[in-house]
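Chains, contacts and geometry: an overview
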Amino acid sequence: MAPVMLLLLFVAVVAAPVAAELPRLEQSPKADGWLTILAVGDWGRHGEFNQSRVSPPRGEDGCRLHHLHRRNFYSDGLTGVDDKRFEDFFTGIYTAKSLQKPWYTVLGNHDYRGDALAQISPVLQKVDSQWISIKSFVVNAGK
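1. Let's talk about the environment of Leu68
In this structure, Leu68 sits in strand β3 (residues 65-69). When the C-alpha atoms of Leu68 and Trp131 are compared, they prove to be 9.8 Å apart, with 63 residues separating the residues in sequence.

2. What to know about the environment of Phe86
Its place among the elements puts Phe86 in helix α3 (residues 85-91). Phe86 sits in the buried class, given a relative accessible area of 2%. Spatially, the C-alpha atom of Phe86 lies 8.9 Å from that of Gln119, the residues being 33 residues apart in sequence. Here Phe86 is in contact with Phe73, Leu78, Thr91, Leu124, Val127, Asp128 and Trp131, once residues within four sequence places are set aside.

3. Topic: the side chain of Gln119
Mapping Gln119 onto the fold places it in helix α4 (residues 116-119). Only 3.0 Å separates the side chain of Gln119 from the side chain of Asp111, close enough to count as a polar contact. Setting aside residues no more than four positions away along its own chain, Gln119 makes contact with Asn72, Phe73, Gly77, Leu78, Leu107, Asp111, Leu124, Trp131 and Ser133.

4. Description of the pattern of salt bridges
Evaluated as defined, the whole model comprises 3 salt bridges. Between Asp88 and Lys84 there is a salt bridge, with its nearest N and O atoms 3.1 Å apart. Look at Asp88 and you get partly exposed, because its relative accessible area is 26%. Judged by its relative accessible area of 55%, Lys84 is exposed.

5. Some remarks on a nonpolar patch on the surface
Among the surface-exposed residues, Val81, Val123 and Val127 lie close enough to one another that they form a single nonpolar patch of about 190 Å² accessible area. Relative accessible area serves as the criterion here: at 40%, Val127 is assigned to the partly exposed category.

6. Considering the side chain of Thr105
If you trace the backbone, Thr105 turns up in strand β4 (residues 103-106). Judged by its relative accessible area of 2%, Thr105 falls in the buried class. Among the polar contacts listed, one links the side chain of Thr105 to the side chain of Ser133, at a separation of 3.0 Å.

7. Quick word on the nonpolar core
Soluble globular proteins: nonpolar side chains tend toward being buried together. With 13 residues, the main nonpolar core has Phe73, Phe86, Phe90, Tyr94, Trp103 and Trp131 as its most contacted residues. Ranked by residues supplied to this core, first place goes to α3 with 3 residues.

8. Details of the environment of Gly33
Summarising the element assignment, Gly33 is placed in the loop between β1 (24-26) and β2 (37-41). What makes Gly33 exposed here is its relative accessible area of 52%. Considered as a pair, Gly33 and Ala141 are 108 residues apart in the sequence and their alpha carbons are 9.1 Å apart.

9. Considering the confidence of the model for the protein chain
Put simply, the protein chain has an average pLDDT of 74, and 64% of its residues get 70 or more. Of all secondary-structure elements in the protein chain, the lowest mean pLDDT belongs to helix α1 (residues 2-20), at 53, while helix α5 (residues 122-127) reaches the highest, 94.

10. Notes on the packing of aromatic side chains
One pair of aromatic rings is described through two measures. These are the centre distance and the angle between the planes. Scanning the entire structure with this criterion turns up 7 aromatic pairs. Pairing Phe73 with Phe86 gives two aromatic rings, centres 6.2 Å apart and planes at 40°, and the pair type is tilted. A residue pair is termed long-range when its members are at least 10 positions apart, and Phe73 in the loop between β3 and α3 and Phe86 in helix α3 qualify at 13 residues. Ring geometry for Phe73 against Trp131: centres 5.8 Å apart, planes inclined by 50°, an arrangement best described as tilted. Here Phe73, found in the loop between β3 and α3, pairs with Trp131, found in strand β5 (residues 131-132); they are 58 residues apart in sequence, far enough to count as distant. Take Phe73 and Trp131: they sit in the same class, and that class is buried.

What counts and how
Residues numbered from 1 in each chain as written. Predicted model: local features only at pLDDT ≥ 70, side-chain atom pairs only at ≥ 80, totals over all residues. Heavy atoms only, no water. Helix = DSSP H or I, 4+ residues; strand = E, 2+ residues; numbered from the N terminus. Buried < 20%, exposed > 50% of the residue type's maximum accessible area, 1.4 Å probe, protein only. Contact = heavy atoms within 4.5 Å. Polar contact = N/O pair within 3.5 Å; in protein donor to acceptor, adjacent residues only side chain to side chain. Salt bridge = Lys/Arg side-chain N within 4 Å of Asp/Glu carboxyl O. Patch = residues over 30% accessible without salt bridge, like charges linked within 9 Å, V, L, I, M, F, W, Y side chains within 5 Å. Areas by Shrake-Rupley, 256 points an atom, 1.4 Å probe, with all protein chains shown as cover. Core = buried A, V, L, I, M, F, W, Y, C linked by side-chain atoms within 4.5 Å. pLDDT = per-residue confidence, 0-100. Phe/Tyr/Trp six-rings, centres within 6.5 Å; stacked < 30°, edge-to-face > 60°.

Written out as structure tokens, the structure reads:
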């Protein structure tokens, strides 16, 4: 009995930290050591409510990555990975050459009204390689 308990304790101590490790996404800083991030919230508006007006000039800001948070697809999220609204709300809006870099996304309450799993599906990243949406992650930005 003691060897079994010792083995279980060993597995719990060694395996727990490994299982809890978050995926790490590498993002290099600029030459000056800074990592500039454009954070946009409540953005999924089908190009309306000034979404299209904001996107092209913001691409000239020198950001290395973009962070989208909350309410990605108003008002009821996506219906699935083949929902045309992904292209209408995201791919077709942020088209400036300077915006062609990673967009790290976090879901909001409106996204959970639809198929939230569709937004974190790797299928969408195949549709648009800039789209990065996974359950949890850490962005490594240097040393």
